[in-house]
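# Breakdown of the fold
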Amino acid sequence: GWLYAWRGAVKLSLDRPAEGEADLSLAARVAPDFSWAWGWRGRLRWQTGRPAEAEADLTEALRLDPRTTWLWTWRAELRAGQGRGEEALADAEAARALAPEAAEAWHSRGESLRALKRFAEAKESYDRALFFDPRHRYAHIGRGLAKGELGDVQGQIDDFRKVAQLAPDLFRKTVEALAGLDGAQDMEEFVRAIMTPDPEPPKGGLKEMAATGDIPS
């Protein structure tokens, strides 16, 4: 079963989700006690917009193997994305208890607290995630969003600049979702704006900067 599971995980990483799901489903049938097959299939179903099926798979994986940190963090982040902050936080705390120095555990805690609108605590959790992994691009995104809610606009922009340096494609997708920008030219201008130091950031932060077209050169 583990061979099918690994092949499915590789296909997921290659953006071949249908083939990946077929392999992971086969792995779960051949070796139903192999938690990773359930966990990876849950991840795949989450990424392809099927959260209920994803949560069922992750829950089964955790029933089989409650001591694997990333299973807790994945379910925490799925639940946080649905606005189920308290459930997400319980999962994140389970992950943190297992691996107190794991960046992913702290990141999932930040996501959970941000879902609960506890932005100062969320920022502290993202800080810890970045202490353990300074290149954790998702923690920079989360911290940037938390800073924006706390009124730290320059800090928000600084975090998004870091994401632009670490993962330009992820940065573009994030800003598109945040600001609702359309068109490659507008996005290129926005990327350049984030990469250019701005001593006086707009009061409304990234979203207002993009929406009003008040982009520094």
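Note: the structure precedes this text.
First things first, this report covers the structure right here in the doc. What you see is a predicted model; the values in this text were computed from it and never measured.

About the thresholds
- Residues take numbers from 1 onward in each chain, read along the sequence in its written order.
- For a predicted model such as this one, the threshold for reporting local features is a pLDDT of at least 70, and the threshold for listing and counting side-chain atom pairs is 80 or more; totals across whole chains, interfaces and linings nevertheless cover every residue.
- Derived side-chain values reflect all non-hydrogen atoms in the structure, with water molecules and hydrogen atoms excluded from consideration.
- Only DSSP runs of H or I covering at least 4 residues are called helices, and only runs of E covering at least 2 are called strands; the numbering of each starts at the N terminus.
- In this analysis, the expected span of each helix is defined as 1.5 Å times one less than the number of residues it contains.
- To sort residues, take the accessible area from a 1.4 Å probe on protein chains only and compare it with the maximum for the residue type: under 20% means buried, over 50% means exposed, and anything in between is partly exposed.
- Throughout, a contact is declared for two residues whenever any of their heavy atoms are within 4.5 Å.
- Here a salt bridge means any side-chain nitrogen of Lys or Arg lying within 4 Å of a carboxyl oxygen belonging to Asp or Glu.

### Comments concerning helix α7 (residues 103-115)
- The end-to-end C-alpha distance of α7 is 18 Å, a good match for the 18 Å that 13 residues give at a rise of 1.5 Å each.
- Counting buried positions along α7 yields 10 of 13 residues, so the element is predominantly enclosed.
- Taken as a whole, α7 has its buried residues at A103, A105, W106, H107, S108, R109, G110, E111, S112 and L113.
- If you follow the buried residues of α7, they end up packed against α5 (69-81), α6 (85-98), α8 (119-132) and α9 (137-149).
- Where α7 terminates, the next one or two residues include K117, which has phi positive at roughly 65°.

### Details of the pattern of salt bridges
- Inspection of every chain in the model, using the stated rule, returns 21 salt bridges.
- For K123, the salt bridge goes to D127, with nearest N and O atoms at 2.8 Å. Separated by 4 residues within a single helix, K123 and D127 lie in helix α8, roughly one turn from each other.
- A relative accessible area of 25% places K123 in the partly exposed class.
- For D127, a relative accessible area of 25% corresponds to the partly exposed category.
- With its nearest N and O atoms 3.2 Å apart, the salt bridge here joins D158 to R161. You can see D158 and its partner R161 sitting in helix α10 (residues 153-166), 3 residues apart, about one turn around the helix.
- For D158, a relative accessible area of 40% gives the class partly exposed.
- Taking the relative accessible area as the measure of exposure, R161 reaches 11% and is therefore buried.

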